[in-house]
Amino acid sequence: MSGRSIPGTLVTVADAASAAAEASSRIAAAISDVLGRGRRASIALSGGNTPRDAYARLAHAAGIDWSRVDVLWVDERAVMPSDDRSNYRWAKATLLDGARVPDACVHRMAAERPDLAAAAAEYEQGLRRRVMADADGIPAIDAVVLGVGDDGHTASLFPGDPRVDVTNRLVVAVAAAAAREARMTLTAPVLQHAHDVFVLAVGAAKRPALERVWSREGDVHATPARLLREARGTVTWIVDRAAAG
Ligand code: 6PG
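Residues numbered from 1 in each chain as written. Predicted model: local features only at pLDDT ≥ 70, side-chain atom pairs only at ≥ 80, totals over all residues. Heavy atoms only, no water.

### Considerations on the pattern of salt bridges
Here's step 1: Under the definition given, this model contains 17 salt bridges.
Here's step 2: One salt bridge in this structure joins Glu-124 and Arg-128, with 3.6 Å as the shortest N-O distance. Note that Glu-124 and Arg-128 are positioned in helix H4 (residues 116-130) at a spacing of four residues, about one turn of the helix.
Here's step 3: Taking the shortest distance from any N to any O, the salt bridge between Asp-150 and Lys-206 comes out at 3.1 Å. One end of the pair, Asp-150, is in the loop between strand S5 (143-147) and strand S6 (171-174); the other, Lys-206, is in the loop between strand S8 (196-201) and helix H6 (207-214), and 56 residues separate them in sequence. (Salt bridge = Lys/Arg side-chain N within 4 Å of Asp/Glu carboxyl O. Helix = DSSP H or I, 4+ residues; strand = E, 2+ residues; numbered from the N terminus.)

Structural data, given as structure tokens:
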């Protein structure tokens, strides 16, 4: 029996609304802490449904000067930014508009471009320009917001996809698969070098994937969210009781 070995801190809350409140509070504190030390902050947003309420709450967090925060994305679908599937679209509707984040601080992944690999390479150059690298030469984003798919993916690193092993690039294109559009995603090194990672997971459907992530034994190729077991910074799992088991 391998048992649980959770990489980081587990915060179990009652329900989705509590998860959103807890996440927005902790993310706001992380950003405020960086700003309070006199430098710009950076945040990278995942898409999906879970973080939307947290983003809407974060938009109204007190004391954050959003003109000093660079907003990046963890991943993006290969759709127009106005598309209902676009991670940017939902971040705009919740956080960007709510907090009036200046356009100059919003660094969207142009995943709608036909040449997705070129767009990913350009996003990587922008990431290196905007986010200070750590001692390993990897841009260390201050706050990264992640989810976990029911299949154990995170960002757009999916089970069975070899890109979970990529270490020589920070942003890659992900080909379309059955019932899934092509994507652009940050790679494991960027996620692992973030100062603070906040993982949001809500609902019983997440429990099997979380157990595979938290198990001592497991395979990152089968459960890519296990890459967080190698995180350098803090990892905070904000999950409701249904997901935590
Ligand atoms: C995406 C996200 C993805 C998401 C998980 C969980 O583009 O879909 O970045 O990694 O975090 O799929 O999604 P839910 O929060 O909707 O369960």
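Once the structure has been displayed, the description carries forward.
### With respect to the sheet that holds S6
Here's step 1: With respect to topology, three strands assemble into an open sheet ordered S4-S7-S6, the strand pairing being antiparallel. Bordering the open sheet on either side are strand S4 (75-77) and S6, each of which pairs with just one other strand. The mean inter-strand angle of the sheet, taken between neighbouring strand axes irrespective of direction, is 15°.
Here's step 2: Direction of pairing for S6 relative to strand S7 (residues 183-186): antiparallel, over a ladder of four bridges. The residue of S7 that forms the bridge with Ala-173 is Met-184.
Here's step 3: Strands in contact with H4 are S6 and S7; relative to S6, the strand with the most contacts, it is inclined by about 160°. (Pairing = 2+ DSSP bridges. Axes fitted to C-alpha atoms, helices over the stretch in contact; angles between N-to-C directions. Contact = heavy atoms within 4.5 Å.)

### Looking at the packing of helix H1 (residues 16-36) against helix H2 (residues 51-58)
Here's step 1: Look at H1 against H2: their axes get within 8 Å of each other, and the N-to-C directions meet at 50°. The angle between H1 and H2 falls in the class oblique. In the packing of H1 onto H2, the handedness of the crossing is right-handed. For the pair H1 and H2, the contacting residues are Ala-17, Ala-20, Ala-21, Ala-23, Ser-24, Ile-27 and Ala-28 in the first and Asp-53, Ala-54, Arg-57 and Leu-58 in the second.
Here's step 2: By residue class, the composition of the contact of H1 with H2 is eight nonpolar, one polar and two charged. (Parallel < 35°, antiparallel > 145°, perpendicular 65-115°, else oblique. Left-handed = near helix turned anticlockwise from the far one by under 90°. Nonpolar A, V, L, I, M, F, W, Y, C, P; charged D, E, K, R; others polar.)

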